[in-house]
Every structure is written in structure tokens, then in C-alpha cells.
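Survey of secondary and tertiary structure
In case you want the letters, here they are:
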Amino acid sequence: MSGRVSHTVDMSVKLGELTLRTPVLTASGTFASGREFADFIDLERLGAVVTKGVSLEPWEGSPSPRIAETPSGMLNSIGLQNPGVEAFCEDDLAWLSSVDVPVIVNVSGHTVLEYVSVIERLEVEPRVDAYEINISCPNVDSGGMAFGTACTPAEEVTRACRAATSRPLIVKLSPNVTDIAEIARAVVASGADGVSLINTLLGMAIDIRTFRPKLARIVGGLSGPAIKPVALRMVWQVAGAVDVPVIGMGGITDTEDAVEFMLAGATAISVGTANFVDPTTVMRVTDGLAEFCRTRSIARVSNLTGAMRT
Ligand SMILES: Cc1cc2nc3c(=O)[nH]c(=O)nc-3n(C[C@H](O)[C@H](O)[C@H](O)COP(=O)(O)O)c2cc1C
């Protein structure tokens, strides 16, 4: 534990039944399952590891190129490449068994049945603490974001996942909608214990030397600092619309960003694209949040949640 974290600040937060040591999580798909980061940071100081997206069968992902840099951000069209739930259990979960940190598994599917089948397989794994249901990936042809851009499919997948588990269920929302609060209300009414947002914003880029799109899929998901104001606005809207914990993300790179998300209503925050720039970002933000509270005599970091003054 770093000496900079004051013992006088209570850094714990509650995500429904789950108590986390700190509000700082990793954003799915930017941190694998943590193993690659273990040389740089102490994973046991994280609020939770949120794993990359896991599907029933192995998914190859999208063709390359599938990453493009943009001003203050990046576009990706990875397409949820992953080895499937069986390999995930044998490899990633087995490795995580030696680490004392809550594990939230990000679940993907092309169909409602696939989401449910992934959960059913994971139910027998004691190392899983909660699920994050990704109904917001813009980079797959079926499933993914298709479930997250209208209330009826979002409700359907949430209800089915809810019936498959009594573990905490977090639903990850898409920003590619007109009214994100409406989708948040729909998934909470269907059994979600929490919501996380935002996933990436649909975008594209063209190489003017070749006249070709920079991504093979042409469009992809925009992430990083460029999307922060949009994400913050949506977190504030959703926190005002539902009565469950909100996990906020989208462009968080430093303490100030994290504080803003908590003031807007987030109970916890996730660091995504910033992990690629500096793998110690989560530790900097954790120490920074403790310091921010300590210097202002804020006893509990959870007191920041929704504390924006208007
Ligand atoms: C390369 C990459 C892969 C991602 N993979 C997933 C994923 O598997 N599941 C998911 O729910 N979100 C995924 N995301 C979205 C992030 O978890 C996060 O919601 C988004 O990037 C916004 O946060 P950021 O700006 O801090 O990166 C991915 C993002 C990136 C950049």
C-alpha cells in the first residue's frame, strides 16, 4: 500500500452487495484479465478487475487494421476477440485465483441464449464476483450494441441474465442512443443491480493518402479523453434516472477526471484507454482520489458520489 493513501480516508464503495476497496476499476477490453499489468501495478489495490469481453465460443474479432489514433483518443474495431468462456476459465480465471481482488466478468453474446450460456458456465466458478453484460459493443455484426440501443432487447437480455444468476449484474450501456436514461431505466426495471457507461462512441477515420478507411470495418468505437464530456453528461443523466450504482467511464486519465465522474453521480469509475498510455494510471488515480479527499477533510470517498452543486 502506498504511503500516499491516507488511512483517514475510507476508500471503500458499495456496488450493491459487493464492497470494493476503492472505486477505481479497469474498463473491459483495455486491461485483459490483469496479468499483463501485474508487473507494473499491485492488482490487489484495485476496486475490481473488469475482464475483457467473454463469449461462449472463441471469437476471432474483426479484420485488421482495427486500431486508429485520433485527436485525444483512439478508434478501435477489435470485435470482441476472445478465446471463449472455457479457455477463459482455464487460463484467466485460474490465474486470477492467486490475486485478492474482486473479479467482474464482462459477458458478450450474439444472442440472448449466448449471454445466458456464458453466465451459466461461469456460475460454477467461485472466482467470479459479478457480471458486466456488454449490450453496447459497436464492433460486432449481431448482438452487442444491437441489444443496447432500444429498450425491448435491452430488457430481454437483462431479464434472461437476471434469471441465470443471483450474483450482482451490471449492464453496460451504449452512448449511441438518443436517450440513455430511458435504456438505463429499462435495464434496472428488468433486474440490473447496477449500470456502467459509457462504451465507445461510433466513429470513423479515412486515410487521405490511400482514400481508404483507417479501419477495415470502416467504423469503430471512439474512446479516450475526446469522449469524456459526453460520458460525463451521460453518467449525470443516468445517475439521476436510476436508483442503482453507476460505474462511470469514458476518457478518464487522471484524478480530476475521476472526481468529476463521481461528482456527476458515479459510485465507481473505470480507466480504459489511458491504460495503454500509462499502465500505472489506475494507481495514480487511486492515490490521487485519496489525496483529494484527505486534503479536503472528506472522510469517505463515497461522499463524492453525486455531490455536484448546482
Ligand atoms: C481496445 C478496446 C477494447 C474494448 N473492449 C471492450 C469489451 O470487450 N467489452 C466492453 O464492454 N467494452 C470494451 N471496450 C470499451 C471500454 O471498456 C470503455 O467502455 C470505453 O473505451 C470508454 O472508456 P475509455 O475512454 O476510458 O477507454 C473496449 C475499449 C477499447 C479501447
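For the structure itself, consult the block above.
Residues numbered from 1 in each chain as written. Predicted model: local features only at pLDDT ≥ 70, side-chain atom pairs only at ≥ 80, totals over all residues. Heavy atoms only, no water.

**A short note on the nonpolar core**
Soluble globular proteins tend to pack their nonpolar side chains together in the buried interior. Threshold: In this text, buried Ala, Val, Leu, Ile, Met, Phe, Trp, Tyr and Cys residues form a nonpolar core when linked through side-chain atoms within 4.5 Å. A simple rule labels every residue: compare its accessible area, found with a 1.4 Å probe on the protein chains alone, to the largest value its type can have, and call it buried under 20%, exposed over 50%, or partly exposed in between. Here, two residues are considered to be in contact whenever any of their heavy atoms come within 4.5 Å of each other.
Within the largest apolar cluster, 95 residues are counted, with the highest numbers of intra-cluster contacts made by L122, I133, L173, L197 and I269. What L197 contacts, discounting residues up to four positions off in sequence, is L173, I180, M234, V235, V238, V246, I247, G248 and M249.

**So, the side chain of E114**
Put simply, the rule is: Labels follow the DSSP assignment, with helices taken as runs of H or I lasting at least four residues and strands as runs of E lasting at least two, numbered in each case from the N terminus. All tallies of charge rest on Lys and Arg as positive and Asp and Glu as negative; His and the ends of each chain are not included. Salt bridge criterion: a side-chain nitrogen from Lys or Arg within 4 Å of a carboxyl oxygen from Asp or Glu.
By secondary structure assignment, the location of E114 is in helix α2 (residues 112-122). Put simply, E114 is tucked away with no salt bridge, and the nearest opposite charge, on R121, sits 14 Å away. Not counting residues within four places of it along the chain, the set of residues in contact with E114 comprises L56, W59 and G109.

**A few points about the site of the ligand**
Applied cut-off: Being near a molecule or strand, for a residue, means having at least one of its heavy atoms within 4 Å of it. What qualifies as a polar contact is a pair of N or O atoms within 3.5 Å, subject to a donor-acceptor requirement within protein and to the restriction that residues adjacent in sequence count only when both atoms come from side chains. All accessibility values rest on the Shrake-Rupley procedure with a 1.4 Å probe; residue burial counts only the protein chains present in the view. In this count, Pro and Cys sit with the nonpolar residues alongside Ala, Val, Leu, Ile, Met, Phe, Trp and Tyr, while Asp, Glu, Lys and Arg are called charged and the others, Gly among them, polar.
Surveying the vicinity of the ligand reveals 22 residues, the closest of which are S28, K172, G224, G251 and T273. Within the side chain of N106, one N or O atom sits 2.9 Å away from an oxygen atom of the ligand. Between the ligand and the protein, one listed contact pairs an oxygen atom with a side-chain N or O atom of N134 at 3.2 Å. In isolation the ligand offers 610 Å² of accessible surface; the protein chains occlude 95% of this area. The class makeup of the residues in the shell around the ligand is six nonpolar, 15 polar and one charged.

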